[in-house]
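# Observations on the model geometry
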Amino acid sequence: MSDGDFLSVTDVSKWYGDEQVLHDVSFEMDRGDVTVLIGPSGSGKSTMLRCVNRLAEAQKGSIRLDGDEVLSPDIDVDDLRREVGMVFQGFNLFAHLTAAGNVALGPRRVLGLSEADARERAADQLERVGLADQLDSYPAELSGGQQQRVGIARALAMEPKLMLFDEPTSALDPELIGEVLEVMHGLVDEGMTMLVVTHEMSFAREVADEIVFLDEGHVVERGPPEQLFERPEKERTGRFLERIASHD
Amino acid sequence: MSAGGTLALAAVESLGATALGWPFVGEAADWEFVLRNADYLGAGALLTIGLTIGSILLGFLVGFPAGAVEVYGDGYLERAVNAAGIVLRGTPIVVILIVMYFVVGVPQINLGVASISSAVTAGILGLGLRSAAYQSQIFRAALSSVDAGQLEAGRSIGLSRFEAVRYVVVPQALRRSIPGFQNEFTIVLKDTSIVFAIGLAELLTRGYDLFSEQTTAVLEVILFISAIYFVLTFTTNRALDYLGGRYAIPEGESA
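As the structure is a computational prediction, the values presented were derived from the model and not from experiment. By convention here, each chain's residues receive numbers from 1 onward along its written sequence. To label them, take the chains in the order written and letter them from A, then take the ligands in the order written and number them from 1. Restriction of local features to residues with pLDDT of at least 70 applies here, the model being predicted, together with a cutoff of 80 or more for giving and counting side-chain atom pairs; totals for whole chains, interfaces and linings are based on all residues.

## Looking at the overall build of chain B
Helix and strand assignments come from DSSP, with helices taken as H or I runs of at least 4 residues and strands as E runs of at least 2, each series counted from the N terminus. A count of helical and extended segments in chain B gives ten helices and two strands. Order of helices (α) and strands (β) in chain B, N terminus to C terminus: α-α-α-α-α-β-β-α-α-α-α-α. Burial is judged by counting other C-beta atoms within 10 Å of a residue's own C-beta: 20 or more means buried, 12 or fewer means exposed, and anything between counts as partly exposed, with every C-beta placed from the backbone. When burial is assessed residue by residue, chain B has 34% of its 255 residues classed as buried.

Printed below as a string of structure tokens:
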């Protein structure tokens, strides 16, 4: 198990109004780890993920990333986010920009690269996700799978030290899921540190160093995939996995 | 014949039987009268164009930020902008113009080569501020219509809130503003005639002056100035259509 010298999430709690959606969530990651958050919808896994780059605000607890306290009011959230890439369930590509424009915007405006350098970096990243031939395509001209790969390239172009994936394949037609998972597999092989929310259990089983099972905002159980999938300790975990399996 | 038909026929007859004869409409003498005064009407058209451009520009420069403040601002600024918009939209334009000219008393502006009279300055300020109040609503609606995920994605790569709005939301909102902006342009163009209230004679007022002088030429004068209005609105709307098409976001079949 990780000792959490890269990311350590400790007792994170969050409320929406009176409703508590995260209850003292804790887990740790080392550099190069892949951690997968699983759980039924509404279990708080996406919210937990968003707390890491402060797209959602946790009200209690601690998230230490590479030595810095993410939840500190003194931290510059823009600096934090340039180092933490995010891939969205709904892609959220910039609709008015081409694939290259989407990927180049961060390097150009956040990192201050020249137009030409940003464009070159965009081309490199799009090649990395297998879209070298779609530089000038607009999001609406791309398939869902291609759009999500642009989304991944956009995050990678910032050279992040941590990548967050928020159900990256949930909005995709079944036949398009494979191409996105393939890109994610490639990142795992390169040693990228990844925190992933997904319902793709076979992907989780293959690549995760640790699975965290969340239900109703609580960490019910966590452990390496072979343990959690084969010999879950908690009854709730077993029930969830059975329900998921019957859909596969 | 129906009552409506009889009424229409009576209306046509009241324009004068000769008005519908050859050459198409009107008497040759009345058309000559209009053409003799074409310079007079042309000067009015120039004032109409000047007032429209000045007002639309001022309306854009003030209205766009105002719309953004209404969407993204908070506190006193947002409330002040909101209140100013409600007052401007709720006040008749004649009242706004009279307040600008007689109460505020804006000065004449000297530009070296030319000077803008205080009445024209008041006209542009009045029409421009009112247009700003309407344009702010066009932009507000357009900004709000851009999916929240766009802003969030912008923030996720490290853009500040301002940068994400500037580089991600605004370019999309401007494109969506074009149809509303076309309406607003047409409305301002035609509303410039209300500057007669502060003594300015633009196209419509000059037309009124002319047919008051030669009362048989009402139809000819009205047709002539309508044609000018039509050319102005048509060309501008087509230009904005072109702009909309030029910057349209391509949509594929696969989406």
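Past the structure itself, the notes keep going.
## Some details on the overall build of chain A
Across its full length, chain A holds nine helices and ten strands. Relative to the compact-globule value of 18 Å for 248 residues, chain A shows a C-alpha radius of gyration of 18 Å, a close match. Across its three principal axes, chain A shows a C-alpha extent of roughly 55 × 45 × 35 Å. Any pair of residues counts as being in contact when their C-beta atoms, constructed from backbone geometry, are within 7 Å of one another. In chain A, the share of contacts with a sequence separation of at least 24, taken over all contacts with a separation of at least 6, comes to 65%. Here the globule rule is a power law, 2.2 Å times the number of residues to the power 0.38, and the radius of gyration is based on C-alpha atoms.

## Things to note about the interface of chain B and chain A
Listed as interface residues are 21 residues of chain B and, on the opposing side, 23 residues of chain A. Put simply, the parts of the chain that give the side of chain B that touches chain A at least two residues each are helix H7 (148–156) and helix H8 (161–191) of chain B. Ranked by residues supplied to the side of chain B that touches chain A, first place goes to H7 of chain B with six residues. Amino acids are sorted into nonpolar (Ala, Val, Leu, Ile, Met, Phe, Trp, Tyr, Cys and Pro), charged (Asp, Glu, Lys and Arg) and polar (every other residue, Gly among them). When its residues are assigned to classes, the side of chain B that touches chain A shows nine nonpolar, eight polar and four charged.

## As for the sheet that holds strand E1 (residues 7–16) of chain A
All names here are of chain A. In short, DSSP must find at least two bridges between two strands for them to pair. Read across the open sheet, the four strands follow the order E2-E1-E4-E5; overall the sheet is antiparallel. In the strand order of this sheet, the two ends are held by strand E2 (19–29) and strand E5 (68–69), each with one partner. Here E1 runs beside E2; their pairing, made up of seven bridges, is antiparallel. Bridge assignment links Val 12 to a residue of E2, and that residue is Val 25.

## A closer look at the sheet that holds strand E6 (residues 84–87) of chain A
Residue and element names in this part refer to chain A. What the six strands build is an open sheet, ordered E6-E7-E8-E3-E9-E10; its pairing is mixed. At either margin of the open sheet sits one strand with a lone partner, and together these are E6 and strand E10 (218–223). Direction aside, the axes of adjacent strands within the sheet are offset by 15 degrees on average. In this sheet, strand E8 (residues 194–197) lies alongside strand E7 (residues 162–166) in parallel orientation, the contact comprising four bridges. Bridged to Phe 165 within E8 is Val 196. Set on the sheet, helix H1 (residues 45–52) makes contact with strand E3 (34–38), E6, E7, E8 and strand E9 (210–215); between it and E8 the angle comes to about 150 degrees. Think of each axis as a best-fit line through the C-alpha atoms, taken over the contacting stretch in the case of a helix, with angles from 0 to 180 degrees between the N-to-C directions. Docked against the sheet, helix H5 (residues 144–156) engages E6 and E7, running at close to 170 degrees with respect to E6.

## A few points about the pairing of E3 of chain A
Consecutive residues of a regular strand have side chains that alternate between opposite faces of the sheet. Residue and element names in this part refer to chain A. Within E3, five of the five residues are buried, leaving the element largely enclosed by the surrounding structure. Residues Val 34, Val 36 and Ile 38 of E3 are buried on one face, and the alternating residues Thr 35 and Leu 37, pointing to the opposite face, are buried as well. As judged from the four bridges shared by E3 and E8, these two strands associate in the parallel manner. In the sheet register, Val 36 faces E8, and the bridge partner there is Val 196.

## Notes on the packing of helix H3 (residues 99–110) of chain A against helix H4 (residues 115–128) of chain A
Residues and elements named next belong to chain A. One way to put it is that H3 packs onto H4 with a least axis distance of 8 Å and a crossing angle of 125 degrees. In terms of their interaxial angle, H3 and H4 are classed as oblique. The two elements H3 and H4 cross, and the hand of that crossing is right-handed. Residues Ala 99, Ala 100, Val 103, Ala 104, Pro 107 and Arg 108 of H3 form the contact with H4, whose own contacting residues are Glu 115, Ala 118, Arg 119, Arg 121, Ala 122, Ala 123, Gln 125 and Leu 126. In the contact of H3 with H4, the residues fall into nine nonpolar, one polar and four charged. Roughly parallel refers to an angle under 35 degrees, roughly antiparallel to one over 145, roughly perpendicular to one between 65 and 115, and oblique to any angle outside these ranges. In this scheme, a crossing is called left-handed if the near helix is turned counterclockwise away from the far one by less than a right angle; it is called right-handed if the turn is clockwise.

## Examining the confidence of the model for chain B
Reading predicted coordinates in detail is not appropriate for stretches of low pLDDT. Residue and element names in this part refer to chain B. Here pLDDT means the predictor's own confidence in every residue, given as a number from 0 to 100. Of the residues in chain B, 88% reach a pLDDT of 70 or more, and the chain-wide mean stands at 88. Considering each helix and strand of chain B separately, the mean pLDDT is smallest for helix H1 (residues 3–14), with a value of 50, and largest for H7, with 97. Every residue in residues 16–23 scores below 50 in pLDDT, and together they form six contacts with partners more than four places removed in sequence or on other chains. Across the predicted assembly, pTM comes out at 0.87 and ipTM at 0.93.

## Side note on H8 of chain B
Multiply 1.5 Å by the residue count of a helix minus one, and that product is the helix's expected span. Taking 1.5 Å of rise per residue, 31 residues should cover 45 Å, yet H8 of chain B covers just 38 Å from first to last C-alpha, more than 12% shy of that figure. For H8 of chain B, the principal kink sits at Ile 178 of chain B and spans about 45 degrees; a proline, Pro 179 of chain B, occurs within the next four residues. Here the bend at a residue is taken as the angle between two axes, fitted respectively to the seven residues that end there and the seven that start there.

## Examining the nonpolar core
Membership of the largest hydrophobic core comes to 113 residues, with the highest contact counts inside it found for Val 103, Ala 153 and Leu 164 of chain A. Sorting elements by how many residues they give to this core places helix H6 (residues 118–145) of chain B first, with twelve residues. If we ignore the near neighbours within four places in the chain, the residues touching Ala 153 of chain A are Val 103, Gln 125, Leu 126, Arg 128, Val 129 and Leu 131 of chain A. Nonpolar cores are identified as sets of buried Ala, Val, Leu, Ile, Met, Phe, Trp, Tyr and Cys residues joined via C-beta atoms within 7 Å. One finds Leu 203, Leu 210, Ala 217 and Ile 225 of chain B within the second-largest nonpolar core, a separate group that totals nine residues.

## Thoughts on unusual backbone geometry
Residue and element names in this part refer to chain A. In this structure, Arg 54 is a non-glycine residue whose phi angle is positive, near 60 degrees. With respect to the helices and strands, the residue Arg 54 is situated in the loop between H1 and strand E4 (60–65). Phi at Asn 92 is positive, roughly 50 degrees, even though this residue is not glycine. Since 25 C-beta atoms lie within 10 Å of it, Asn 92 is described here as buried.

## With respect to the packing of helix H3 (residues 38–72) of chain B against helix H9 (residues 203–213) of chain B
All names here are of chain B. It is the contact of H3 with H9, at a shortest axis distance of 7 Å, that shows an interaxial angle of 155 degrees. In terms of axis orientation, H3 runs roughly antiparallel to H9. Facing H3, whose interface residues are Tyr 40, Leu 41, Gly 44, Ala 45 and Thr 48, H9 presents Leu 203, Thr 205, Arg 206 and Gly 207. Each residue belonging to the contact of H3 with H9 can be placed in one class, and the counts come to four nonpolar, four polar and one charged.

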